[in-house]
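Single-letter residue listing:
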Amino acid sequence: MDVTFHFDPACPWTWRTSRWLLSVAPERDLAVRWRPFSLALLNDEPPPEEFREMMAASTKALRLVEALQAAGRNDDAGRFYTALGTHTFESMNPLTDASVRAAAEAAGVGDAVGALDDASWDEAVRHSHSTAWEAAGPDIGSPVLTVDGVRRGVHGPIVAEVTDKAEALAIWDAVEPLLRTQTFFEVKRGRP
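Described in the following lines is the structure provided in the data block. (Residues numbered from 1 in each chain as written. Predicted model: local features only at pLDDT ≥ 70, side-chain atom pairs only at ≥ 80, totals over all residues. Heavy atoms only, no water.)

### A closer look at unusual backbone geometry
The residue after Gly-137, namely Pro-138, is reached through a cis peptide bond having omega 5 degrees. Within the fold, Pro-138 resides in the loop between α6 (122-136) and β3 (144-147). For the bond running from Gly-156 to Pro-157, omega is 0 degrees, close enough to zero to count as cis. Position of Pro-157 relative to the elements: it lies in the loop between β4 (154-155) and α7 (165-180). Unusually for a residue other than glycine, Asp-44 sits at a positive phi of about 50 degrees. (Helix = DSSP H or I, 4+ residues; strand = E, 2+ residues; numbered from the N terminus.)

### Considering the layout of surface pockets
The calculated volume of the largest pocket comes to roughly 1200 Å³. Together, 34 residues line the largest pocket, and His-155, Pro-157, Ile-158, Val-187 and Lys-188 are the ones closest to its centre. Where the lining of the largest pocket is concerned, the elements lending two or more residues are β4 and α7. Sort the elements by how many residues they give to the lining of the largest pocket and α7 lands first, with six residues. Split into classes, the residues belonging to the lining of the largest pocket amount to 18 nonpolar, eight polar and eight charged. If you go around the second largest pocket, you meet 19 residues; those closest to its centre are Leu-39, Ala-40, Leu-42, Asn-43 and Met-55. Taken together, the elements giving at least two residues each to the lining of the second largest pocket come down to α2 (39-43) and α3 (49-70). (1 Å grid on protein atoms, 1.4 Å probe; cavity = no way out; pocket = protein on both sides within 12 Å on 5 of 7 lines; lining within 4 Å. Points joined across faces, edges and corners; volume = space filled by probe spheres on them. Nonpolar A, V, L, I, M, F, W, Y, C, P; charged D, E, K, R; others polar.)

### A closer look at the side chain of His-129
With respect to the helices and strands, His-129 occurs in helix α6. Polar contacts involving the side chain of His-129 include one to the main-chain amide nitrogen of Ser-38, which spans 3.0 Å. The contact partners of His-129, leaving out residues within four places of it in the chain, are Pro-36, Phe-37, Ser-38, Leu-41 and Leu-42. (Polar contact = N/O pair within 3.5 Å; in protein donor to acceptor, adjacent residues only side chain to side chain. Contact = heavy atoms within 4.5 Å.)

### Comments concerning the side chain of Ser-99
Turning to its location among the elements, Ser-99 is positioned in helix α5 (residues 97-106). For Ser-99, the residues in contact, after removing those within four places along its chain, are Leu-84, His-87 and Pro-94.

### A closer look at the nonpolar core
Core analysis: the largest hydrophobic core is formed by 54 residues, its most contacted members being Leu-21, Leu-64, Phe-80, Leu-145 and Trp-172. Looking at this core element by element, the count peaks at eight residues for α3. Those residues in contact with Leu-64, other than ones at most four positions away along the chain, are Phe-80, Ala-104, Val-109, Ala-112, Val-113, Ala-115 and Leu-116. (Core = buried A, V, L, I, M, F, W, Y, C linked by side-chain atoms within 4.5 Å. Buried < 20%, exposed > 50% of the residue type's maximum accessible area, 1.4 Å probe, protein only.)

### A closer look at the pattern of salt bridges
Under the definition given, this model contains 14 salt bridges. As a salt-bridge pair, Arg-28 and Asp-173 come within 2.8 Å of each other at their nearest N and O atoms. In this pair, Arg-28 sits in the loop between α1 (12-24) and β2 (31-36) while Asp-173 sits in helix α7, placing the two residues 145 residues apart along the sequence. Under the relative-accessibility criterion, Asp-173 is labelled partly exposed at 37%. Across the pair Arg-35 and Glu-66 runs a salt bridge, and its minimum N-O distance is 2.9 Å. Within this pair, whereas Arg-35 is found in strand β2, its partner Glu-66 is found in helix α3, the two being separated by 31 residues in sequence. Judged by relative accessible area, which is 22%, Arg-35 ranks as partly exposed. Overlapping salt bridges, with partners in common, bring together Lys-60, Asp-97, Arg-101 and Asp-117 in one network. (Salt bridge = Lys/Arg side-chain N within 4 Å of Asp/Glu carboxyl O.)

### What about α7?
Helix length check: α7, at 16 residues, gives a terminal C-alpha distance of 23 Å against a target of 22 Å (1.5 Å per residue), a fit within 8%. Looking only at α7, the buried set comprises Ala-168, Leu-169, Trp-172, Val-175, Glu-176 and Leu-179. Buried positions in α7, seen along its axis, are confined to an arc of 135 degrees and lie on one side of it. Tucked inside the fold, the buried residues of α7 contact β1 (2-7), α1, β3 and β4. Of the residues flanking the start of α7, the one acting as N-cap is Asp-164, its side-chain oxygen 3.2 Å from the backbone nitrogen of Ala-166. (Expected span 1.5 Å × (residues − 1). Arc of directions from axis to C-beta.)

Put into structure tokens, the structure is as follows:
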């Protein structure tokens, strides 16, 4: 089954969900596509000063993801996000231009770093973001999960931590039927 994971690399909740999805993918024969969802576009206003560098770096990272997708390099986009998230969330480093460039090199996509400063990719990022928002919105954030052949997607699932295999699979086995049920629109519990 083809699954599209729309993400913003600045979001720690999204990072955990991506790791959950990757743990489930081989067990449920899922092919994961990596596509942008921009929190900067979602909020549609300049971020507070303390988040500006992070959001600018996220925008550049999403340009690279789209450039890789356009070149048919989905797996490279996934490796790039893994390298970036590992540096940012696992090693507790800030998301910066330098970390985005370092992650590109670590993921073996240094040949595509020209996209980071190429604003012509912003339209493709907007299109991917809009596709995700139309599938799961309104009142959503990052990540958005969709499956091929199903009109509606979901925001999330949001997980507090990457769980063991049994729990990860149980979450997928609960979410996947909800994705296919067009009358379903929300399940939520407060974050701790």
